[in-house]
Amino acid sequence: MISPMLNANALGGKNIVVTGGGTGLGKSMSAMFMRCGANVLITSRREQVLQETCAELSALGSGKIDYAVCDVRKVDEVEKAIDKAWSSIGPVNAWLNNAAGNFISPTERLSHKAFDTITDIVLKGTYNCTLSVGKRWIAEEINGVFLNIVTTYASTGSGYVVPSAIAKAGVLALTRSLAVEWAKYGIRSNAIAPGPFPTEGAWSRLFPAELGKKLDPLQRIPLRRFGNHEELANLASYLMSDFSAYVNGEVVTIDGGEWLQGAGEFNNLEAIPNEMWDTIERMVRGKKDN
Ligand code: HXC
Ligand code: NAP
């Protein structure tokens, strides 16, 4: 386990809501916030998962942890979760939009309902939460922090996850738009774009075993490893903390260089063995002399 980058009280006084905080990366980021002294309220649709995660994380740090069952697609449930957070962990001053749904599929196999399902969780869910909590922050003059989890393909687009790609692109646009518009209220908005970090939720839907026989996702990553949850959680803690008070409207990529490997025109020359470069150099230099 990687140590917290920040000290045990760096997030003291932060009352943080984490959507989708019962599992995966949301759980890991919640754990790190706890270890840095925050009070945390996690939300998702499954109460038992939330209860188990609360029990597991309650021993970490000096803060309080609680949960609220909430489907982010439903405004009334979001409003109730916000009410519960305010009364349970105190006035919320940081919000992590992390809940998501996703699966791989050729786009032409998707029903309209499948498109709605993903975009409703990812984009509508994020703006439901952002609008409801943002209005309270403005009314109560709270200098809050939004942190939104997107993906690297929020900027590039990606086939086979098209509903997720368009929804995450919308979340990125929301992040950058409000970073400017709501700065006058002392509200910051930032995003993190993770590359692959192993979680049950993502791996079961995006990298099923059958696919692994055909494709090695590690070959796409220059550092040749997946991300470690605490690496992401430390970055999230920094962006939630007052140490990042001047960071606003930023999207921080944490992907081992993955998207750049795909983007650089000649990066696939990595496949050329060293001994071939003498021949190639002779050919290239020879061309110049002609
Ligand atoms: C085609 C599918 C499908 C599939 C569901 N559908 N799975 N279509 N291929 N594999 C269709 C259904 O048939 C239905 O349409 C519609 O989608 C809604 O499905 P439901 O099962 O009714 O939806 P729901 O119960 O709300 O569940 C949502 C879910 C589910 C997204 C489908 O997987 C879920 O709960 N996911 C939450 C967690 C998650 O996805 N985590 C991964 C995040 S990882 P019809 O028309 O048939 O009714 C991530 C990483 C990105 O985002 C980057 C990685 C590097
Ligand atoms: P995960 O464990 O499946 O997390 C998704 C969470 O969202 C779950 O806890 C789920 O809980 C919750 N959720 C789904 N639909 C919801 C809804 N309608 N309302 C409320 N909560 C809902 O997957 P993960 O890998 O940790 O993903 C976390 C975030 O990281 C997502 O934003 C994902 O897009 C992003 N991300 C992940 C990776 C990766 O490699 N893992 C890479 C890039 C980006 P319930 O089912 O109980 O509701």
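Refer to the structure above for everything that follows.
Per chain, residue numbering runs from 1 following the sequence as it is written. Each chain gets a letter, beginning with A, and each ligand a number, beginning with 1, in the order they are written. Only residues with pLDDT of at least 70 get local features here, since the model is predicted, and only at 80 or more are side-chain atom pairs given and counted; chain-wide, interface and lining totals rely on the full set of residues. In computing side-chain values, all of the structure's heavy atoms are included and hydrogens and water are not.

1. Some details on the overall build of the protein
Then, number 1: In DSSP terms, a helix is any run of H or I states spanning at least four residues, a strand is any run of E spanning at least two, and both are numbered starting from the N terminus. For the protein, the count of helices and strands is eleven helices and seven strands.
Then, number 2: By residue count, 46% of the 290 residues in the protein fall in the buried class.
Then, number 3: For the protein, contacts bridging at least 24 residues in sequence account for 76% of all contacts bridging at least 6. Exposed residues in this analysis have more than 50% of their type's maximum accessible area, buried residues have under 20%, and partly exposed residues fall in between, with area computed by a 1.4 Å probe over protein chains only. It only takes one pair of heavy atoms within 4.5 Å for two residues to be counted as in contact.

2. A few points about the side chain of Glu 230
Then, number 1: Inspection of the secondary structure puts Glu 230 in helix H9 (residues 229-240).
Then, number 2: With near-sequence residues (within four places) excluded, Glu 230 lies in contact with Met 1, Ile 2, Met 32 and Arg 35.

3. Quick notes on the site of ligand 1
Then, number 1: Contacts to ligand 1 come from 17 residues, most closely from Arg 45, Asn 102, Ser 111, Thr 117 and Arg 205.
Then, number 2: Here an oxygen atom of ligand 1 and a side-chain polar atom of Arg 205 are 2.7 Å apart.
Then, number 3: For the area figures, the Shrake-Rupley method with a 1.4 Å probe applies, and any residue is considered shielded solely by the protein chains shown. Taking 1,100 Å² as the accessible area of ligand 1 by itself, protein coverage stands at 61%.
Then, number 4: At the level of elements, helix H4 (112-140) and helix H7 (200-206) are the ones that each hand at least two residues to the shell around ligand 1.
Then, number 5: Residue classes in the shell around ligand 1 are distributed as seven nonpolar, six polar and four charged. Near residues are defined by distance, with any heavy atom within 4 Å of the molecule or strand qualifying the residue. Two N or O atoms count as a polar contact when they lie within 3.5 Å, although within protein this holds only if one can serve as hydrogen donor and the other as acceptor, and sequence-adjacent residues are included solely when both atoms are side-chain atoms. Here the nonpolar group is Ala, Val, Leu, Ile, Met, Phe, Trp, Tyr, Cys and Pro; Asp, Glu, Lys and Arg are the charged ones; every other residue, Gly included, is treated as polar.

4. Re the layout of surface pockets
Then, number 1: Cavities and pockets were defined on a 1 Å grid built from protein atoms only: a cavity is a group of points that admits a 1.4 Å probe but offers it no way out, a pocket is an open group of points flanked by protein on both sides within 12 Å along at least five of seven lines, and a lining residue is one with an atom within 4 Å of any such point. Grid points are joined across faces, edges and corners, and a volume is the space filled by probe spheres set on the points. Estimates place the volume of the second largest pocket at around 190 Å³.
Then, number 2: Met 1, Lys 27, Ser 28, Ala 31, Met 32, Arg 35, Glu 56, Leu 57, Leu 60, His 229, Glu 230 and Ala 233 are the residues that line the second largest pocket.
Then, number 3: Where the lining of the second largest pocket is concerned, the elements lending two or more residues are helix H1 (24-35), helix H2 (47-57) and H9.
Then, number 4: Element by element, the count of residues in the lining of the second largest pocket is highest for H1, at five residues.
Then, number 5: Split into classes, the residues belonging to the lining of the second largest pocket amount to six nonpolar, two polar and four charged.

5. Re the side chain of Ser 164
Then, number 1: With respect to the helices, strands and loops of the structure, Ser 164 is situated in helix H6 (residues 162-181).
Then, number 2: When neighbours within four sequence positions are excluded, Ser 164 is seen to be in contact with Asn 102, Ile 118 and Tyr 153.

6. Some thoughts on the packing of H1 against H9
Then, number 1: It is at 9 Å that the axes of H1 and H9 come closest, and there the two elements cross at 55 degrees. In terms of orientation, H1 and H9 fall into the oblique class. Seen from above, H1 lies across H9 with right-handed handedness. For the pair H1 and H9, contact is made by Gly 24, Leu 25, Ser 28, Met 29, Met 32, Phe 33 and Arg 35 and by His 229, Glu 230, Leu 232, Ala 233, Asn 234, Ala 236, Ser 237 and Met 240, respectively.
Then, number 2: Here the contact of H1 with H9 is composed, by residue class, of eight nonpolar, five polar and two charged. Interaxial angles span 0 to 180 degrees and are taken between N-to-C directions of axes, which are lines fitted to C-alpha atoms, for helices over the stretch in contact. Should an angle lie under 35 degrees it is considered roughly parallel, over 145 roughly antiparallel, and from 65 to 115 roughly perpendicular; all remaining angles are considered oblique. Crossing handedness: left-handed means the near helix sits turned counterclockwise from the far one by under a right angle, and right-handed means the same turn made clockwise.

7. A look at the site of ligand 2
Then, number 1: In the neighbourhood of ligand 2, 27 residues make up the surrounding shell, with Thr 23, Arg 45, Arg 46, Asn 98 and Thr 199 lying closest.
Then, number 2: Contact between ligand 2 and Thr 23: an oxygen atom at 2.7 Å from a side-chain N or O atom of the residue.
Then, number 3: For ligand 2, an oxygen atom lies 2.7 Å from a polar atom in the backbone of Asn 98.
Then, number 4: Contact with the protein chains removes 91% of the 870 Å² of surface that ligand 2 exposes when unbound.
Then, number 5: Mapped by element, the contributors of at least two residues to the shell around ligand 2 are H1 and H7.
Then, number 6: Counting residues per element, the shell around ligand 2 draws most heavily on H7, at three residues.
Then, number 7: Of the residues assigned to the shell around ligand 2, the class counts are 13 nonpolar, nine polar and five charged.

8. Side note on the pattern of salt bridges
Then, number 1: Think of a salt bridge as a Lys or Arg side-chain nitrogen and an Asp or Glu carboxyl oxygen that are within 4 Å of each other. This model, assessed by the stated rule, comprises ten salt bridges.
Then, number 2: For Lys 14, the salt bridge is made with Asp 242, and the minimal N-O distance between the two is 2.8 Å. Of this pair, Lys 14 sits in the segment before strand S1 (15-19) while Asp 242 sits in the loop between H9 and strand S7 (251-254), placing them 228 residues apart in sequence.
Then, number 3: By relative accessible area, which is 57% here, Asp 242 ends up exposed.
Then, number 4: Among the salt bridges present, the one from Lys 84 reaches Asp 66, with a minimum N-O distance of 3.7 Å. Of this pair, Lys 84 sits in helix H3 (residues 75-88) while Asp 66 sits in strand S3 (residues 65-69); the two residues are 18 residues apart in sequence, bridging distant segments of the chain.
Then, number 5: On the basis of relative accessible area, Asp 66 is assigned to the buried category, the value being 17%.

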